[in-house]
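The residues making up each chain are set out below.
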Amino acid sequence: MAGALVGGAFLSGFINVVFDRFLTTDSVNLVLGKKLGPDLVERLKISLLAAEAMVDDAEYKQLGDERVREWFNSLKDAVYNTDDLLDDVHTKAATKKKVLSFLPSFFLNRFRKTVDKMERVVRRIEFLEKQKDFLGLEKNTKDNNLSSSSSSWRASTSLVEGNIYGRKDDQEALTKIINDNSESQLSVIPIVGMGGVGKTTLAKLVYNNREGFDYKVWVCISEIFDVVEITRKTIEEITKSTCTLGSLNLLQLKLKEILSEKKFFIVLDDVWSDDVDIWKKFITPFHCGAKGSTILLTTRIQEVASIVQTFPSYFLNELSEDYCWLLFADNACFPESNGNSTLEEIGRKIVKKCKGLPLAVETLGRLLRGKDDVKEWNAVLTSDIWEFSMKNSKIVPALFISYHQLPDYLKRCFVYCSLYPKDYCFNKDELILLWMAEDLLRPPRRGESLEDVGYECFEELVSRLFFKKDLYSCYKMHDLLHDLAVFLAGDFYCRLEEHGEAKGVTTLTRHLSYKSISENLDLIIQVKSLRTFLRCSVFDLISDIDDVIICILISKMKYLRVLSFVWSPKLDVLPDSIGKLIHLHYLNLSGTNVKTLPESLCNLYNLQTLILFRCKRLTKFPRVMHNLVNLQHLDLRETSLNEMPGGLSKLKHLRILDYFIVGKHEDNGIRELGGLSNLRGSFDIKKLENIVDAEEAKDARMMNKIHISELWLEWSPVDDMISNTQTERDILNSLQPHNGLKALTIWGYKGRVFPDWLGHSSYNIMTSVSLICCNNCCMLPSLGQLPSLKSLHIQSFGQLKSVGIEFYKNEGDHDLLPTAAFPSLETLEFHDMPCWELWHSPDSETFPQLKKLLIRDCPMLKGDMLIHILLRMISFSKVCKLKIREDRGSSSHEMVIDGETLSIIASESVVESAFNSMSINHLTCLQEMQISSCSSVVSFPGNYLPKSLKKLEIWSCRKLEFPQQQQKHDLEELQIVYSCDSLTSFSLDAFPFLKTLWILDCKNLESVSMSEPPHTALESLSIDGCPEFVSFPGEGLAAPNLTYLSVSFCNKLEALPSLMNTLLPNLDSLDLLCCPNICKLPEGGLLPNLKSLTVGGCEQQVRDLSWMGKLDTLTHLTINGNCCENVKSYPELGLLPHLPSLTTLEISWFNNLETFECNQLLHLTSLQQLHILYCQKLENMAGEKLPSSLSLLKFYCCPLLGEHCKNKHQRIWPKIAHIPTIIVDEKQIDFSPGSL
């Protein structure tokens, strides 16, 4: 019951818990009350009740009064000690036989010291209670303090204060939601976000920009949702006069009269109540308004939003860092220009610290308003936000009120999270087990388990936005909320960072988390009353704990409730002294190398959770594991146990047991499962071959384990030849689970036929079935009538030859409804079925939802049977994108529909059949098609393309004949890559809407033709690696909207398209590579508006660029030196023409280049960037220096010259030192004097 004692929340809940659990326990009363101290229990009750009355006031006043905080800490410490002592008595008494009947003298003497300690604790609490007047503490002021102090800043109005940054998109999105619902009678739209994120500000923006309403009303609510008062306020806002009506009935009749047939826009700001009845009562008169009436509501609690909303909530996220900086600068009066750069650097760090909360940014900005002292700014940066006074900070009460409104047990759970670092990814299940172990949760109600309570608490914290779920289903806490948890935790919680000093460890510390401890071990072991020794589960850091350290720790920490040594590979022996930790509730040994567990472990009467995840060397349990009678969670994942210990059926509270290994002895056989009726979640039963007969299997009572959601039944992979397959069937029949099962896996079943329960329609929520390594089975079970089945995996049925009608329907199931077989199935997989030949076609209604069909290593199955299923899949889907790829030499087939995309990966025969079978009638919506590696496909069906097709990609299909080009197609993008060897000419006339054409390595392509110019759609054209290509259209390439043209590795091409300067007016990018016969400009010259040019791959071209002519608009020039083996110095004298607009020059792939001529660039007066890439032998720079206009010089894969630059070589550095940025292999050169 650790956590129930800490802080205001803990102390408030402590009294009832102590009285219920301890002070009413006969054994404790007997020891502490009746024998050794008749008034002690009564004094303890009175003193705790008196102190508790001050707790709520003290919890709030500690924020600004250090004396109160010290008093608070002393009270916490005393209560912790009380709990330890009572728990000690309770535990020892519970483990002694007949303790309730009599107590021998030696047993009473053992507790005499405990009573003496309790006497001292009671006196201490009584002393603290008497200090209340001196500290000004008052009774029962839980809500009054915070409400009175914060009422001024929490009372909102509709007026917008100051400048608003970064909420324009949110305002527009919310406005759109309101406008889209203008035809609704009444729209209630919540804005949900954490405290200080700007919900009220956004509501103001929307409110002040709404027009066309008869009434606009702003009402501030806060914690108490008083229907009478809020209704009165609403009437007064509308009438602009005082309302004196007294009863709710009169008020609501008046409001209904006012709003009748009127269109209104009402903001309810800062709503906290999640009472459904109160909301229904309040909202009644608002339904009489006109269409388009809207209530906009702001809240921090998702549960509130879910109750009131008529449309999905609008979740307001944190503000971006850039906008936060603008807000900060505005509030700090920091000038937009000519501001102090040092202050700006500090200011931006302060902004980063606020993590997107505008209220925090505004608060800290105003604290620094008009201040220009660096020390003051640094003080704000390094201070904890909770150190600022309530008077100077809005963010402190804004976040504290969220905490203050939590139930006491949720406060305890929240503060516990301070043990974790910022940005930690919280695992829900892990955290709940820890809350249970620390006794932080409220008591379960009838029918609830403690774990159920934990899940409810976690979800409530999520609803109140203390946790936020990210894209990876990971829960995180905002940094400022984490800071609040750390502040509230005080000295009682401590987190040791890696290699950090243990300065936070004090004698008050009760809860400690760590990454490594060896440096601080001496200090840690001084803390005698530590309850939590927790290692946060991090995989990237190995713990330094070993066998010696653990012995020291266990000997010093006798009050531990939580002990975690996760990922401590040096730990391979758990000492016998572990059995002395009688208070221990939680033990986590994940990732350690322990081989066995000591027998003394079974002395831990209070142990609830034992986690052995990835203890891969663990092979054996203690003999008397059954003594752990309070064990609820036993994590055995990835362990190497050979058998289970005897007597597990005695662990009646066990809820999580990952697997059970059926033993050959009576005390560890299948019957032991009979007593474990509380098992839940995923459960595996292994070595089922050790079950003798069906009667023994029946004693496992699997039907009674109604909380198991996933079941795995496994026989060991021994010889499949058995004497009696009927016995196997009877055993499986006796292991029938309850019909609430969601997933079932059967592995290694030795029978020939499955029992009738498998596939029975009564299993109506089962979504997944896997049947694996059932090599004796000659037929599949009837699974077609499982109404919710989404995934079916069948693998390694060595004798199965046929899948027949029995697969779809069991005639003996009298509960069958007349529905299609497999009505919900989305994924169907068959693997390793060597004898499977026949798949009888089901009726036309089967598999209506099938999205994925995967067949692997089924060599005997005929392809035409798969095509029938494929066409069935298509008929139920809207396929807009088709991908076909051939998996050569394989007997695997995969057909997947993902949304509107159909992907087929299959053998040659199946691909050919699929390609030929898919007529236009089947794919009426097809817009994109990808065909790759299809050696067997030779032509399109009907030799033409689907009319709806917009994009076609053909890769590595050499034999494929391109469709006829006599008729016109609607294609907009076409890629022919390593394909269509029979294609000799491509007609642009057949594709009047084509925007992008890329043809690569089309071996026999000779020309691109056009007889109906101009082609106005074409924007990009690439002809690459076509050795036979010789010509463009004879009259020129008339494509007025073409912006990019690439021609490369076309050895026979002698000329670029003619009249480019007039027919291609918008061409701004040209690539011309490795076309050795093009050494002159086309008729009319190059384009006057060309901006980017790439040339090279031909020595004659790169040695003399005068053929390029006048290129006044060129800004980017790339010269590729591929195949220019004789070029050793570059650029040569007079090589580069006058290029007045050139800003970027790239020189690359000159394999033998040794010297770069700097002076040849001096006439390029606009040059800003020079990139030299992949010149392995380049090591010298000749000439005076590079142009002074350069701002960036970049070398990549030029090892010799790059090294000279990094070393600032005296021959090189003077030529480039004037350039502001020099980058060598993606790393910038340091210009500082000491960088050498």
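Computed from a predicted model, the values in this text were never measured in an experiment. (Residues numbered from 1 in each chain as written. Predicted model: local features only at pLDDT ≥ 70, side-chain atom pairs only at ≥ 80, totals over all residues. Heavy atoms only, no water.)

Considering the overall build of the protein chain
Here is step 1 of the chain: Scanning the protein chain from N- to C-terminus turns up 32 helices and 47 strands.
Here is step 2 of the chain: Residues classed as buried in the protein chain amount to 55% of the 1236 residues present.
Here is step 3 of the chain: If you take every contact in the protein chain between residues at least 6 apart in sequence, the share linking residues at least 24 apart comes to 63%.
Here is step 4 of the chain: Working note: accessible area of the protein chain is about 52200 Å², and carbon and sulfur atoms make up 49% of it. (Helix = DSSP H or I, 4+ residues; strand = E, 2+ residues; numbered from the N terminus. Buried < 20%, exposed > 50% of the residue type's maximum accessible area, 1.4 Å probe, protein only. Contact = heavy atoms within 4.5 Å. Areas by Shrake-Rupley, 256 points an atom, 1.4 Å probe, with all protein chains shown as cover.)

Structural notes on the sheet that holds strand β4 (residues 293-299)
Here is step 1 of the chain: Here we have 5 strands laid out as an open sheet, ordered β2-β3-β4-β1-β5, and parallel in their pairing. Lying at the two open borders of the sheet, with one neighbouring strand each, are β2 (215-222) and β5 (314-315).
Here is step 2 of the chain: Strands β2 and β3 (264-271) of the sheet are contacted by helix α10 (residues 227-239), whose axis makes an angle of about 150° with β2. (Pairing = 2+ DSSP bridges. Axes fitted to C-alpha atoms, helices over the stretch in contact; angles between N-to-C directions.)

Topic: the state of the cysteines
Here is step 1 of the chain: According to the stated counting rule, one finds 1 disulfide in the structure shown.
Here is step 2 of the chain: The disulfide partner of C425 is C474, and the S-S distance across this bridge is 2.4 Å. On the S-S bond that ties C425 to C474, the torsion sits near -130°, and the link is left-handed. Taken together, the positions of C425 in the loop between α19 (408-416) and α20 (428-437) and C474 in the loop between β6 (468-469) and β7 (475-476) put the pair 49 residues apart, joining distant regions of the chain. (Disulfide = S-S within 2.5 Å.)

A short note on unusual backbone geometry
Here is step 1 of the chain: The omega torsion across P1013 and P1014 is -5°, close enough to zero to call that bond cis.
Here is step 2 of the chain: Along the chain, P1014 turns up in the loop between β34 (1007-1009) and β35 (1020-1024).
Here is step 3 of the chain: In this structure, the amide linkage connecting Y1130 to the following residue, P1131, adopts the cis form with an omega of -5°.
Here is step 4 of the chain: Positionally, P1131 belongs in the loop between β40 (1129-1130) and β41 (1144-1148).
Here is step 5 of the chain: The phi angle at K1208 is positive, at roughly 55°, despite the residue not being glycine.
Here is step 6 of the chain: Relative to the helices and strands, K1208 resides in the loop between α31 (1199-1206) and α32 (1213-1216).

What to know about the sheet that holds strand β15 (residues 656-657)
Here is step 1 of the chain: The 8 strands are arranged β8-β9-β10-β11-β12-β13-β14-β15 in an open sheet whose pairing can be described as parallel. Bordering the open sheet on either side are β8 (493-496) and β15, each of which pairs with just one other strand.
Here is step 2 of the chain: Note: β8 against strand β9 (residues 511-514), 4 bridges, orientation parallel. Paired with R495 across the two strands is S513, which belongs to β9.

Here's the deal with the environment of P397
Here is step 1 of the chain: Looking at the secondary structure, you find P397 in helix α18 (residues 395-404).
Here is step 2 of the chain: Of the residues examined, P397 reaches a relative accessible area of 2% and is grouped as buried.
Here is step 3 of the chain: When the C-alpha positions of P397 and G195 are compared, they lie 9.5 Å apart, and in sequence the two are 202 residues distant.

Focus: the side chain of H626
Here is step 1 of the chain: Within the secondary structure, H626 sits in the loop between β13 (609-611) and β14 (633-635).
Here is step 2 of the chain: For H626, a relative accessible area of 19% puts it in the buried group.
Here is step 3 of the chain: Among the polar contacts listed, one links the side chain of H626 to the backbone oxygen of G646, at a separation of 3.5 Å.
Here is step 4 of the chain: What H626 contacts, discounting residues up to four positions off in sequence, is G646, G647, K650 and L651. (Polar contact = N/O pair within 3.5 Å; in protein donor to acceptor, adjacent residues only side chain to side chain.)

Some words on the confidence of the model for the protein chain
Here is step 1 of the chain: On average, the protein chain scores 86 in pLDDT, and the residues at 70 or more come to 90%.
Here is step 2 of the chain: Below a pLDDT of 50 lies the segment residues 1-10, which in the model reaches 53 contacts outside its immediate sequence neighbourhood of four places, other chains included.
Here is step 3 of the chain: Predicted confidence is poor over residues 97-104, with pLDDT under 50, and the contacts of this stretch with residues over four places away or in other chains come to 9 contacts. (pLDDT = per-residue confidence, 0-100.)

Considering helix α14 (residues 321-331)
Here is step 1 of the chain: Every buried residue of α14 is accounted for by C324, W325, L327, F328, A329 and N331.
Here is step 2 of the chain: Where α14 is buried, its residues meet α15 (341-354), α16 (358-367) and α17 (374-382).
Here is step 3 of the chain: Phi turns positive one or two residues past the end of α14, at C333, with a value near 55°.

Notes on the side chain of K199
Here is step 1 of the chain: Along the polypeptide, K199 turns up in helix α9 (residues 199-207).
Here is step 2 of the chain: Summary of buried charges: K199 has no salt-bridge partner, and the nearest side chain of opposite charge, D270, is 6.3 Å away.
Here is step 3 of the chain: Contacts of K199, omitting those with residues within four sequence positions, involve I191, V192, G193, M194, T298, T299, R300 and L316. (Lys, Arg positive; Asp, Glu negative; His and termini not counted. Salt bridge = Lys/Arg side-chain N within 4 Å of Asp/Glu carboxyl O.)

Side note on the pairing of strand β30 (residues 951-955)
Here is step 1 of the chain: One ladder, built from 5 bridges, connects strand β29 (residues 928-932) with β30; its direction is parallel. Paired with M929 across the bridge in β30 is L952.
Here is step 2 of the chain: With 5 bridges connecting them, β30 and strand β31 (residues 973-977) associate as parallel partners. Bridge pairing in β31 places K951 opposite E973.

Observations concerning the nonpolar core
Here is step 1 of the chain: Core analysis: the largest hydrophobic core is formed by 228 residues, its most contacted members being F533 and W839.
Here is step 2 of the chain: Grouped together as the second largest cluster of nonpolar side chains are 97 residues, V361, Y403, L465 and F467 included. (Core = buried A, V, L, I, M, F, W, Y, C linked by side-chain atoms within 4.5 Å.)

Brief notes about the packing of α15 against α17
Here is step 1 of the chain: The contact between α15 and α17 brings their axes to 9 Å, and the two run at 15°. On the basis of their axis angle, the class for α15 and α17 is roughly parallel. Taken as a pair, α15 and α17 cross one another with a handedness that is left-handed. Listed contacts from α17 to T342, L343, I346, G347, K349, I350 and K353 of α15 are V374, W377, N378, V380, L381 and T382.
Here is step 2 of the chain: Taken together, the residues that form the contact of α15 with α17 break down as 7 nonpolar, 4 polar and 2 charged. (Parallel < 35°, antiparallel > 145°, perpendicular 65-115°, else oblique. Left-handed = near helix turned anticlockwise from the far one by under 90°. Nonpolar A, V, L, I, M, F, W, Y, C, P; charged D, E, K, R; others polar.)

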